[in-house]
Structures are given as C-alpha cells and as structure tokens.
Amino acid sequence: MSKRRHRLRVFLTETGRIELATLLTPWLRVGSAFGGYVECRKVDLDNAYVELTLDLQADDDDTVDVKLSVPHHCIAAVLETGDFEAFAALYAD
C-alpha cells in the first residue's frame, strides 16, 4: 500500500480546469490517463459547494490545511484508492 498521505483525487471537468486554473495551478496534476486532478485529504459533496481540504506543503516542510469551496459543475469525479499507481496500472496499455 502506498505511504502517501493523500488518498483522494478530485478530477475536474474541462470547465472546472478553465475556471479554477489560476487558483489551482500549483496543485493541479495533469498528464494522468484520467485527466487533470487535485489531491485532497477530505472532500465534502453535501453542501451547495464542494468543499475540498488540501494538505499543502510549504517550502519549509510545514503543512498547511486549506479548505477550498468550488461549484459542483467543476467536479467530474472523486477517486479514493489506497494505491493510485496500482490502480492506474490497471489501465496501462
């Protein structure tokens, strides 16, 4: 099992990537076979906005919890897996 702290990957719609590009650029991961995503510690889908809790690491290795609320139309999917690399390998050519 992966030792990474992040277990949730929130995949953004094309509209979401465009609307949130400036704000999420430092944390947006692209190049995945599944599209652009951000890694989150917690995701709450039960409100008017989706609340993402990002566990960010500064240059001095201190972590900072950041809560970001985004419109539901920006979220394509939420993937939770213990080992994302093993999951992605299932879809490799």
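Preceding this paragraph is the structure being described.
Below, the structure is looked at part by part.

Conventions we followed
- Residues numbered from 1 in each chain as written.
- Predicted model: local features only at pLDDT ≥ 70, side-chain atom pairs only at ≥ 80, totals over all residues.
- Heavy atoms only, no water.
- Buried < 20%, exposed > 50% of the residue type's maximum accessible area, 1.4 Å probe, protein only.
- Helix = DSSP H or I, 4+ residues; strand = E, 2+ residues; numbered from the N terminus.
- Pairing = 2+ DSSP bridges.
- Core = buried A, V, L, I, M, F, W, Y, C linked by side-chain atoms within 4.5 Å.
- Contact = heavy atoms within 4.5 Å.

1. Topic: the pairing of strand β4 (residues 50-57)
When you tally the buried positions in β4, you get six out of eight residues, the bulk of the element. In the sheet, strand β3 (residues 42-44) pairs with β4 via three bridges, with the strands oriented antiparallel. Pairing of V43 across the sheet is with L52, part of β4. Connecting β3 to the next strand, β4, in antiparallel fashion are five residues.

2. Comments concerning the nonpolar core
Counting residues in each nonpolar core, the largest one holds 17 residues, and the members touching the most others are V10, V38, C40, V43, L52 and V70. Every element with two or more residues in this core is listed here: β1 (8-12), α1 (14-24), β2 (37-40), β4 and β5 (63-70). Looking at this core element by element, the count peaks at four residues for β4. Aside from chain neighbours lying at most four places away, what touches V38 is L8, R9, V10, L24, W27, L28 and L52.

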